[in-house]
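Listed here are the chains, written in short residue letters.
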Amino acid sequence: MRTFDIVIIGSGIAGGLLARQLRLACPDLGVLVLEAAEAMEDYKVGESTVEVAANYMVRRLNLGTYLYQHQLPKNGLRFFFDSPGKDLPLPRMSEIGSDHMPFHPSFQLERARLERDLVAMNRAAGAEVELGAKVVDVAIDGRGRHKVVYEQGGERREVACRWVCDASGRRHVLWRKLGVKVHKETRLNTAAAWGRYRGVAGLDAVADPAWRSRARYTSRHLSTNHFMYDGYWIWFIPLAGDLMSVGVVFDKDRVGEGSGAALTGPRTRADFERFLGAHRAARELLEGAELEDFQSYAHLPYHADRYFSTDRYAVTGEAGAFTDPFYSPGSDFIATANEFITQMILSDVAGDRAAFEEKVAAYDAYYRFKYDSTLRLYERMYPVFGSFELYRLKYLLDFNNYYNLVVWPFMADRVTDVGWIREELRFTDLVLRALSTMGEHFASLATDLRARGEYFAQNEGRFANGLNGVAQLETRLGPAIDERFRREQVDRAYGSVFAALVERRLGEQGLSDRARVVSELKLPQVLVFRDITPERLSRLLQRVAERMTRELRDEFPDAGIERVELGAGGEVSVTGPGAGTAAHAAVLSRARALWDASAGSLAHVAL
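All values derive from a computational prediction rather than experimental measurement.

Criteria and cut-off values
- Each residue is numbered by its place in its chain's sequence as written, counting from 1.
- Only residues with pLDDT of at least 70 are given local features in this predicted model, and only at 80 or more are side-chain atom pairs given and counted; all residues enter the totals for whole chains, interfaces and linings.
- Only hydrogens and water are set aside when side-chain values are computed; all heavy atoms of the structure are taken into account.
- Helix and strand definitions follow DSSP, with helices as H or I runs of at least four residues and strands as E runs of at least two, each counted in order from the N terminus.
- C-alpha atoms define the radius of gyration, and 2.2 Å times the number of residues to the power 0.38 defines the globule rule.
- The rule is simple: take the accessible area with a 1.4 Å probe, protein chains only, and divide by the maximum for that residue type; under 20% is buried, over 50% is exposed, in between is partly exposed.
- Here, two residues are considered to be in contact whenever any of their heavy atoms come within 4.5 Å of each other.
- Note that accessible areas follow from Shrake-Rupley with a 1.4 Å probe, and for residues the cover is restricted to the protein chains shown.
- Should a side-chain nitrogen of Lys or Arg be within 4 Å of a carboxyl oxygen of Asp or Glu, the pair is scored as a salt bridge.
- We call two strands paired when DSSP finds no fewer than two bridges between them.
- Orientation is described by lines fitted to C-alpha atoms, with helices fitted over the stretch in contact, and by angles between N-to-C directions that extend from 0 to 180 degrees.
- Whether two aromatic rings pair depends on their centres lying within 6.5 Å, for rings of Phe, Tyr and Trp, where Trp uses its six-membered ring; planes under 30 degrees apart make the pair stacked, over 60 edge-to-face, and the rest tilted.
- To sit over a ring, a charge needs its Lys NZ or Arg CZ within 6 Å of the ring centre and within 35 degrees of the ring normal.

**Looking at the overall build of the protein chain**
Summing up its helical and strand segments, the protein chain has 19 helices and 22 strands in all. Here the C-alpha atoms of the protein chain give a radius of gyration of 27 Å, agreeing with the 25 Å that 2.2 N^0.38 yields for 607 residues. In terms of overall dimensions, the protein chain has C-alpha extents of about 100 × 60 × 45 Å along its principal axes. With 607 residues in all, the protein chain has 57% of them scored as buried. Considering only residue pairs separated by 6 or more positions, the protein chain has 75% of its internal contacts joining residues 24 or more positions apart. For the protein chain, the accessible surface area stands at approximately 23600 Å², while carbon and sulfur atoms represent 47% of it.

Given below as structure tokens:
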């Protein structure tokens, strides 16, 4: 019986990247990859990467040159918003995007090609990769001599190993053998249908000069393009060669069968083509194109109770959990899991049992937290998607938090630091509560705007440059973490966005860029602001007024100031100094200046 240090089940993107990382990190490790497919030709969804996964592939796996030569660079995320009748031509749709390539790279992947190339790379690096090798049994021995049985070419083979890593995707080979339950997620009820089209001219073929110049002629074609609707979204993702991935993800509670929606989510190839054809922009982009293949998932999100074990087994990619394809987090989950698995294996083979057990516990807890926090990010988003006005604010918050709280620690190698993880896990409840609270506020405002007939009010003719909202992070991201700056950015993002929600909900124009308001809305204060009501706003303004009163008394000690009052519509009054006196005029002027001072709110960045 042949023996290996690690057997990886599956040579898709998760298993292929893990094998490469292990060979680079420790060339002495014996790595066997067992792939059920006879050839890496299967079309797989999940082509779009974002910054964590790209950083992992470029920095950790040294794949930068390969990705630029054989795949496509990605021009960030881009979002388009339509009319209620789904009949706006593309140049008239409101848009969130960029007018230049993002300052940290990401890529659009033709998965089958990448996975074929990884097989060749891994073999060249000394890993054994067996195609047509279907794993039929796994026996876990806690003492470190697992057995993996597979069938290949009509023969049954058996190998022994110290580690088993499952990268088999939704087949969940290891969990099925061990009887570990995979839970169908009930908090998010989404499904998807997608296919590849050949002959799509692409977004850059739209000739409108004003529309092209609005983005400074940067390639919209290279973006992950999202067409946003109430309850669903449509993606257009370019692939190397003459292919375009097109798909629909929908909330079954809003557009699925039984939802009562006029347009129900597609389940079949014919339904898919009809669904896309009901949207003018998608229909015009696909004119003359040919649908090559079609796939669908009836339900997307799921999770397990654990992901890594001191019995030396682990899962990565979709073998463990999946949330939702919006924001393309799947490859980020792969990067994080592979980093964890590599570090656990290195501690194990080094004989450091204490470090190994410590890492398993910390990494498993963090990965479960990562799933839960990502799921809550999406949990109430689908009712918000169709409104440019609402989603601009949601994206502003999410994009800042992603760069600050996710990308930066990964780039600084904090994600595998057990001490850092323990510190992060101390704030688990706070983070989850923040995500749920903001999700509730966004969903409530969406309901309110629908009732007012204003949900689609800004869906035509507007452009927001999303990169401007994270410009302050461009020179900061890197190997050195500035924790004080990170905390400040969290408070600034939550304060800016929440103040904008309060302004819109209550009709208090100008409120969201007042420094005195935004400074009172740091994350802890946002979390106790459970309902956006006039009474809640009145108490907030009272706190602001009391603070201004104390400052003005210090500045004008002889003026006899009793109090400052802030009224509706930005009114400011001062009591104490005699009305009409020079002292009253000076104090009132200063109070108005303090009240009118700009917060530099992210919601008001020149987008």
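**Comments concerning the pattern of salt bridges**
Counted under the stated rule, the structure contains 49 salt bridges. The salt bridge involving Glu292 is made with Arg198; its shortest N-O contact spans 2.5 Å. Here Glu292, found in strand β16 (residues 290-297), pairs with Arg198, found in strand β12 (residues 190-198); they are 94 residues apart in sequence, far enough to count as distant. For Glu292, a relative accessible area of 37% gives the class partly exposed. The class for Arg198 is partly exposed, based on a relative accessible area of 33%. Each of Glu389, Asp448, Arg452, Glu454, Arg504 and Arg505 takes part in one network of salt bridges that share partners.

**Some remarks on the sheet that holds strand β5 (residues 94-97)**
Strand order across the open sheet formed by 8 strands is β16-β12-β15-β14-β13-β4-β5-β20, with mixed pairing between neighbours. Strands with a single pairing partner mark the edges of an open sheet, and in this sheet they are β16 and β20 (463-465). The average angle at which neighbouring strand axes cross in this sheet is 15°, direction not considered. Pairing of strand β13 (residues 224-229) with strand β14 (residues 232-239) involves 5 bridges; the strand directions are antiparallel. In the sheet register, Asn225 faces β14, and the bridge partner there is Phe236. The strands touched by helix α8 (residues 269-277) within the sheet are β12, β14, β15 (243-251) and β16, with β16 carrying the most contacts at an inclination of about 110°. The sheet contacts of helix α12 (residues 388-411) involve β4 (77-81), β5, β13 and β20, and relative to β5 the element is tilted by about 10°.

**Considering the packing of aromatic side chains**
Under the defined criterion, the tally for this structure stands at 40 aromatic pairs. Note on Phe326 and Tyr391: the rings are 6.0 Å apart at their centroids and 80° apart in plane angle, and the pair reads as edge-to-face. Here Phe326, found in the loop between β19 (313-315) and α10 (330-349), pairs with Tyr391, found in helix α12; they are 65 residues apart in sequence, far enough to count as distant. Here the two residues Phe326 and Tyr391 agree in accessibility, since each one is buried. Looking at Arg170, its charged tip hangs above the ring of Tyr297, at a distance of 4.0 Å from the centre. Over the aromatic face of Phe485 sits the side chain of Arg476, whose NZ or CZ is 3.9 Å from the ring centroid.

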